[in-house]
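Here's the letter readout for the chains.
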Amino acid sequence: MLFRRILLAALLCGLLSGGLLGVMQLYTTLPLILAAERLENSAATAQPENQQQPLQSSLKRNLLSMAATTIIACAYAMILLSLMRLSGRTAICYSAWWGLSGYLVFFLMPALGLPPSLPGVQYASLEFNRLWWLASSVSTAAALCMLFFARHWFKLGGILLLLLPFALRLNNPLLIHYDSASSEVIAELEWLQPQFIFASAASLALFWMLLSLFSSLACSYYLDKFPVKGAADSSG
């Protein structure tokens, strides 16, 4: 059964790429998150930082974070493998394009209007931002489909779809506020926030490249060995 094979391949690709992303996050984004939490905690209790109770940087927290990352990676792998099979573009030479598309849809385009934020850094209009993130992701996916698969002038519609969420953002600019009123804490968060955005962008870029590569390998050496039943019957 094709669905069972895709599910098995997605689990394997998700475990590999999600596990690697989880390890990368331990050394890239997690230290920045812990630093922001320490700042937030010290400001809330008005105690010196070295007297604070250690935050949950234990093995349990790390394992839970890696498990959540791996589960999400498996879901992404399921979507990616299904689209590869439907389009027929499963060769390894297409893996970079699939990885770039996933990166654009699920991170880069939404992050241009709603960057990832550290604890203590809040964006105003939470409900609108959630809807905007979803609209940006969906419109980017639709735009890429039109740019890659539509003909002639219909490709212009893809470009308009890419710009549509940012036109909506003009009437609702992104407003940032901080949970702490301390100028020192705010200055530290302003210094950590760009590092967090860069670390998130870099680690997720590598993740999508790895996921697309593993998915292409799974298609080439596993899924493509079992043609769709209808196609096999018609060829016979």
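Thresholds applied
- Residues numbered from 1 in each chain as written.
- Predicted model: local features only at pLDDT ≥ 70, side-chain atom pairs only at ≥ 80, totals over all residues.
- Heavy atoms only, no water.
- Helix = DSSP H or I, 4+ residues; strand = E, 2+ residues; numbered from the N terminus.
- Buried < 20%, exposed > 50% of the residue type's maximum accessible area, 1.4 Å probe, protein only.
- Contact = heavy atoms within 4.5 Å.
- Axes fitted to C-alpha atoms, helices over the stretch in contact; angles between N-to-C directions.
- Parallel < 35°, antiparallel > 145°, perpendicular 65-115°, else oblique.
- Left-handed = near helix turned anticlockwise from the far one by under 90°.
- Nonpolar A, V, L, I, M, F, W, Y, C, P; charged D, E, K, R; others polar.
- Phe/Tyr/Trp six-rings, centres within 6.5 Å; stacked < 30°, edge-to-face > 60°.

Undergrad: Hey, could you run me through the overall build of the chain in this one?
TA: Helix and strand counts for the chain stand at 8 helices and 2 strands. The helix and strand sequence of the chain, counted from the amino end, reads α-α-α-α-β-α-α-β-α-α. Burial statistics for the chain: of 236 residues in total, 36% are counted as buried. Considering only intrachain contacts with a sequence separation of at least 6, the fraction spanning at least 24 residues in the chain is 81%.

Undergrad: Can you help me understand the packing of helix H1 (residues 2-27) against helix H7 (residues 183-221) in this one?
TA: Each pair of packed helices can be summarised by the angle the axes make with each other and by the distance between the axes. For the pair H1 and H7, interaxial distance at closest approach is 9 Å and the crossing angle is 155°. Classified by the angle their axes make, H1 and H7 are roughly antiparallel. Classified by chirality, the crossing of H7 by H1 is right-handed. Two secondary-structure elements touch here, H1 through Ala9, Cys13, Leu16, Ser17, Gly18, Leu20, Leu21 and Met24 and H7 through Ser203, Leu204, Leu206, Phe207, Leu210, Leu211, Phe214, Ser215 and Ala218. Of the residues in the contact of H1 with H7, the class split is 13 nonpolar, 4 polar and no charged.

Undergrad: Looking at this structure, how should I read the packing of aromatic side chains?
TA: In this description, an aromatic ring pair is defined by two values, namely the gap between the centres and the angle between the planes. The final tally for this structure, using the stated rule, is 8 aromatic pairs. Ring centres of Tyr76 and Phe207 lie 6.4 Å apart, and the angle between their planes is 55°; on these two criteria the pair is classed as tilted. Of this pair, Tyr76 sits in helix H3 (residues 59-87) while Phe207 sits in helix H7; the two residues are 131 residues apart in sequence, bridging distant segments of the chain. Accessibility classification places Tyr76 together with Phe207 in one group, the buried group. Note on Phe106 and Trp208: the rings are 5.6 Å apart at their centroids and 5° apart in plane angle, and the pair reads as stacked. With a gap of 102 residues between them, Phe106 in helix H4 (residues 95-113) and Trp208 in helix H7 connect regions that are remote in the sequence.

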